[in-house]
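Listed below, chain by chain, are the residues.
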Amino acid sequence: FNTSKEKFFFFWSQEFTGVKRDYGTRFVNMPTERERKGDFSQSYDVNGARIPIRDPLTGQPFPNNVIPATRINALGLSMLEFLPLPNYHDPNPNDVHRWNYRSQYSGGTPRRNDMLRIDSNVSPTFRLYYRFGKDRDNLLHPWGSWQTGNINYFLTPIEQLRYGLGHVVHATKTFSPTMVNETIFGFTKVNRDFDLLDPSVAGRANLGNPAQWFSDPDRYSDHGPSISFGGTPVNSVNYHLQNSLPNRYRNPVYSVQNNLSKVFGSHNFKTGIFIERTYVEAPLAGPIRGSFNFGRDTNNPFDAGHGFANALLGYFQSYQEAQLRVDSKQHYWAAEWYVQDNWKVSRRLTLDFGVRFYHMPPIKELNNMAATLDPALFNPAMAPALYRPARNAAGSRVAQNPLTGELAFAPLIGQFVPGTGDPANGTAVGGVNGYPRGLYTRPAVSLGPRFGFAYDLFGDGKTALRGGWGRFFDMGQSNPFASAIGNPPLSYTPTLYYGNLDNYAQGGGAIGPSNLSVLYGDHATPSTMNFSLGVQRQIGDSVIDVSYVASLSRHLYLRRNINPVAMYARFDTANSDPTQPTRPLPDNFFRPYMGYGDLTVQEHVGSSNYNSLQVSANRRLTSNFQFGLAYTWSKT
């Protein structure tokens, strides 16, 4: 069927690229074999002084700095045993006690690219082509990225599998010498999956199977909790994997467009429509597997003075755990249609004008997992009470319930008093109780007019005056909406202070004011106005071009805190901390929206301007050689 070699053509290519990245060397302090047995007699700070280990029950140092075997907590020991033994002794005497474990890693990043294109002249009036592309770019990295979390030693690399693909079908049909139709179908997909290369090394059983507060069937993994040990010893190991592991990201985009052109005399009319549907599936999670901090805290009555010793005794500074893992499913779509006319008014003047219509509704979360604070719903009388600072009979700084006078641990200062007010005061969930699913609203249709002209100034075809103006609308960023997914009241992350590994699971944590990123109200659709005016002049074999071009962007995202601390409020004696009169209370005690921290509103009210003057000259020296010069002055 293709013997003439004029009906069917194809092109195919494939590329492989091998890249290896050196992630450098990291040094940390691991618990030694002695310390895992309770013997801290050889545990020193960077200056070579022995770090005293205090008995939380008596307040006195343990004899010989050794914790009795009967006092060792089994779960705390399991967490220390999970960590590798020291493998490094620094030859520099000044750094002998600074670190004892070294990690090194080089990770491969193989890449592959495939492309296929097929063209077919189906008939003299019908042409068709199909293009397929696929790109794969995998990574292996041990630390230092958001995918790995906050882990500072080599456990097993994070394997990140990334690939994207795209399909395009383009058809052109000529109905007559004056009418042509163009149709394009497109589909693209970006996938990203990452998890530990060897997930078994992070199994919860490896850390002693610590209990959890919440039973969330969507956690997807049995990875153990995060553990950290503060600043004593210095450079302590930190085991904190990315909370959303295993992470599965999907971003398919479907589009279709059709353009119809028709010539009527001196008019060239064109009309068309474009529709795009986009989905984004991505996990969002806080510390869903739990997070233990065994670091030193002078306010902790059970602090032993050493992070590893605290874990071995079973006492922690804090434990927190998020209520649920949110797998967001965001969806948005846009429809655009237009009409335009290219009118050759005369031999010297051509006009272009038209209008494009945009329908761009807000992004939506299909599972109704986006929430926001709306000032119109906030009731000051429903704000929860906050624990206030006070002194106990011994003069120690503690937290006090302002309603009952009951005392509690100092870390609860500024946290909610249980059973008071509404922790979700003023919040709304998108798609629930009639609240907009996208949290805010936009105009149903936005108009983008266009105008342009070209005029032969002297009628000799050598001097042209050109200009144009157009307004273009855009969906805007998706991140502001994504940051509202999982907001309270959908999920909280309670924190338990000064607890013990033997009984923390029977207790509960405290919650307090949250810093939220919020969206609400009526938003304009982001837009850009582009315009230009220029003169082109042919002088011999050279063309001189002088143009002024500008771009004005409107209704861009602007971040604004609607819950700030008032100017000079920290110096107002009414806001003084009664336990430390020279210092103010924490900021959350005197914000406009009590019960919240920073409330960062994302609004479409920003703008930016860009202007430039461009001068260029091109000269054709021979039939196959051209020389050009250009100068641009710009201002933003």
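A. Molecular detail of the overall build of the chain. When you go through the chain residue by residue, the secondary structure sums to 4 helices and 32 strands. For 636 residues, the compact-globule estimate of 2.2 N^0.38 gives 26 Å, and the C-alpha radius of gyration of the chain, at 33 Å, exceeds that figure by more than 25%. When its C-alpha atoms are laid out on the principal axes, the chain stretches across 105 × 60 × 45 Å. Every one of the 636 residues in the chain was classed for burial, and the buried ones make up 43%. Excluding contacts between residues fewer than 6 apart, the proportion of contacts in the chain whose partners are at least 24 apart in sequence is 73%. With an accessible surface of roughly 32000 Å², the chain has 54% of that area assigned to carbon and sulfur atoms. Side chains of the chain carry 59 positive and 48 negative charges; the gap between the two charge centres is 8 Å.

B. Main features of the sheet that holds strand 13 (residues 291–293). Read across the open sheet, the 5 strands follow the order 10-9-13-14-25; overall the sheet is mixed. Because the sheet does not close on itself, it has two edges, and the strands there are strand 10 (238–239) and strand 25 (495–500). In this structure, strand 13 lies alongside strand 14 (residues 315–320), joined through 3 bridges in antiparallel fashion. What sits directly across from N293, in strand 14, is S318.

C. Broad picture of the sheet that holds strand 19 (residues 388–391). Here we have 3 strands laid out as an open sheet, ordered 19-20-21, and antiparallel in their pairing. Here the strands that pair on one side only, and so sit at the sheet edges, are strand 19 and strand 21 (407–408). Bridge count for strand 19 against strand 20 (residues 397–400) is 4 bridges, and the pairing is antiparallel. For R391, the partnering residue across the bridge sits in strand 20 and is R397.

D. Looking closely at the pattern of salt bridges. The tally for this structure, following the rule as stated, stands at 18 salt bridges. Between R248 and E281 there is a salt bridge, and its shortest N-O distance comes to 3.1 Å. Highlighted residues: R248 in strand 11 (residues 247–264) and E281 in strand 12 (residues 267–284), separated in sequence by 33 residues. In this structure E281 comes out as partly exposed when scored by relative accessible area, which is 28%. Between E336 and R356 there is a salt bridge whose closest N-O contact spans 2.8 Å. A residue pair is termed long-range when its members are at least 10 positions apart, and E336 in strand 15 (residues 326–344) and R356 in strand 16 (residues 349–359) qualify at 20 residues. On the accessibility criterion, E336 (11% relative accessible area) is buried. Salt bridges sharing partners connect three or more residues here, namely R111, D137 and R162.

E. Here's a closer look at the side chain of N243. For N243, the location among the structural elements is in the loop between strand 10 and strand 11. Other than its neighbours up to four places away in sequence, N243 contacts A285, G286, P287, I288 and R289.

F. Just a nonpolar patch on the surface, in detail. Together, I539, I544, V546, Y548, L613, V615, Y631 and W633 give the surface a local cluster of nonpolar side chains, amounting to about 700 Å² of exposed area. Every element with two or more residues in the nonpolar patch is listed here: strand 28 (542–561), strand 31 (596–622) and strand 32 (625–635). With 3 residues, strand 28 is the single largest residue contributor to the nonpolar patch.

G. Spotlight on helix 2 (residues 74–82). Residues L75, G76, M79, L80 and F82 constitute the buried set of helix 2. Projected onto a plane normal to the axis of helix 2, the buried residues spread over an arc of 155 degrees and lie on a single side. Where the residues of helix 2 are buried, they touch helix 1 (33–36), strand 9 (226–228), strand 10, strand 13 and helix 3 (307–313). N-capping of helix 2 is provided by N73, with a side-chain oxygen placed 3.0 Å from the backbone N of L75.

H. The arrangement of the pairing of strand 11 in detail. Where strand 8 (residues 179–196) meets strand 11, 16 bridges bridge the pair, whose relative direction is antiparallel. If you follow T183 over to strand 11, its bridge partner there is N258. The pairing of strand 11 with strand 12 spans 13 bridges and is classified as antiparallel. Directly across from R250, in strand 12, lies its bridge partner E281.

I. Representation of the environment of S226. With respect to the helices and strands, the residue S226 is situated in strand 9. Leave out the neighbours within four places in its chain, and S226 touches Y239, H240, L241, G290, S291 and F292.

J. Highlighting the nonpolar core. Core analysis: the largest hydrophobic core is formed by 40 residues, its most contacted members being Y153, I227, F229, Y239, F292, F294 and Y504. Listing elements by their share of this core, those giving two or more residues are helix 2, strand 8, helix 3 and strand 14. No other element matches helix 3, which puts 5 residues into this core. The residues touching F292, leaving out its near neighbours within four places in the chain, are M79, P210, P225, S226, I227, S228, F316, S318, Y319, L501 and Y504. Membership of the second largest hydrophobic core comes to 32 residues, among which are A370, F378, L519 and I562.

K. Representation of the side chain of T372 in the model. Among the secondary structure elements, T372 is positioned in strand 18 (residues 371–373). For T372, the side chain forms a polar contact with the main-chain oxygen of L519, separated by 2.9 Å. Leaving out residues up to four positions away in the same chain, T372 has contacts with G426, T427, A428, Y435, L439, V518, L519 and Y520.

L. Up close: the packing of aromatic side chains. According to the stated counting rule, one finds 29 aromatic pairs in the structure shown. With 6.4 Å between their ring centres and 55 degrees between their planes, F316 and Y319 make a pair best called tilted. One exposure class covers both F316 and Y319, and it is buried. Consider the rings of W337 and F357, whose centres lie 5.7 Å apart with planes at 15 degrees: the pair is stacked.

M. Broad picture of unusual backbone geometry. The residue after T232, namely P233, is reached through a cis peptide bond having omega 5 degrees. Mapped onto the fold, P233 is located in the loop between strand 9 and strand 10. Across the junction of L245 and P246, the peptide omega takes the value -10 degrees, indicating a cis bond. Structurally, P246 can be placed in the loop between strand 10 and strand 11.

N. A look at the environment of T17. With respect to the helices and strands, the residue T17 is situated in strand 1 (residues 8–17). Expressed as a C-alpha distance, the spacing of T17 and R34, which sit 17 residues apart in the sequence, is 48 Å. Not counting residues within four places of it along the chain, the set of residues in contact with T17 comprises T109, P110 and R111.

Parameters at a glance
- Residues numbered from 1 in each chain as written.
- Predicted model: local features only at pLDDT ≥ 70, side-chain atom pairs only at ≥ 80, totals over all residues.
- Heavy atoms only, no water.
- Helix = DSSP H or I, 4+ residues; strand = E, 2+ residues; numbered from the N terminus.
- Rg over C-alpha atoms; globule rule 2.2 N^0.38 Å.
- Buried < 20%, exposed > 50% of the residue type's maximum accessible area, 1.4 Å probe, protein only.
- Contact = heavy atoms within 4.5 Å.
- Areas by Shrake-Rupley, 256 points an atom, 1.4 Å probe, with all protein chains shown as cover.
- Lys, Arg positive; Asp, Glu negative; His and termini not counted.
- Charge placed at Lys NZ, Arg CZ, Asp CG, Glu CD.
- Pairing = 2+ DSSP bridges.
- Salt bridge = Lys/Arg side-chain N within 4 Å of Asp/Glu carboxyl O.
- Patch = residues over 30% accessible without salt bridge, like charges linked within 9 Å, V, L, I, M, F, W, Y side chains within 5 Å.
- Arc of directions from axis to C-beta.
- Polar contact = N/O pair within 3.5 Å; in protein donor to acceptor, adjacent residues only side chain to side chain.
- Core = buried A, V, L, I, M, F, W, Y, C linked by side-chain atoms within 4.5 Å.
- Phe/Tyr/Trp six-rings, centres within 6.5 Å; stacked < 30°, edge-to-face > 60°.

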